[in-house]
Amino acid sequence: QVQLIESGGGLVQAGGSLRLSCAASARTSGTYAMGWFRQAPGKEREFVAAVNWNGGRSHSVEGRFTISKGHALTADLQMISLKPEDTALYYCAAKPAVSNDYYTGVQEYPYWGQGTQVTVSS
């Protein structure tokens, strides 16, 4: 069972930056595509960014957000120019790689972290 741990969340003023990190709680084998999602109170979980297993392909819904892939089960999300509407619980997710693709759907990822809170004040 893969367990993911997110870190790096916190309180930041609008216009500021944060770097979120995700890593597995224990050493794992295999290759994984990874993604970041977020969920604000009263809203559905939504896609933020995804990267394929080797970091060669990625996609983000915001030009302000950049995802990067480390070894195996590590992925960072660099966020700049943060806005109050970016406030949410941010989740990391992982999917065993079966192709060179990245994945944007919540339902495509079998493994999830517990989330890290990002709060952007105006």
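What counts, and at which threshold
- Residues numbered from 1 in each chain as written.
- Predicted model: local features only at pLDDT ≥ 70, side-chain atom pairs only at ≥ 80, totals over all residues.
- Heavy atoms only, no water.
- Disulfide = S-S within 2.5 Å.
- Helix = DSSP H or I, 4+ residues; strand = E, 2+ residues; numbered from the N terminus.
- Buried < 20%, exposed > 50% of the residue type's maximum accessible area, 1.4 Å probe, protein only.

A. Expanded view of the state of the cysteines. Inspection of every chain in the model, using the stated rule, returns one disulfide. Sulfur-sulfur distance for the disulfide between C22 and C92 comes to 1.9 Å. Looking down the S-S bond of the C22 and C92 bridge, the torsion is -80 degrees, so its handedness is left-handed. Taken together, the residues span a long stretch of sequence, with C22 in strand β3 (residues 18–24) and C92 in strand β9 (residues 88–96) at a distance of 70 residues.

B. How the structure looks around unusual backbone geometry. Unlike most non-glycine residues, A72 shows phi in positive territory, near 45 degrees. Inspection of the secondary structure puts A72 in the loop between β7 (65–69) and β8 (74–79). On the accessibility criterion, A72 (28% relative accessible area) is partly exposed. You will see that S81, though not glycine, has its phi angle at about 50 degrees, which is positive. Mapped onto the secondary structure, S81 falls in the loop between β8 and β9. Of the residues examined, S81 reaches a relative accessible area of 37% and is grouped as partly exposed.

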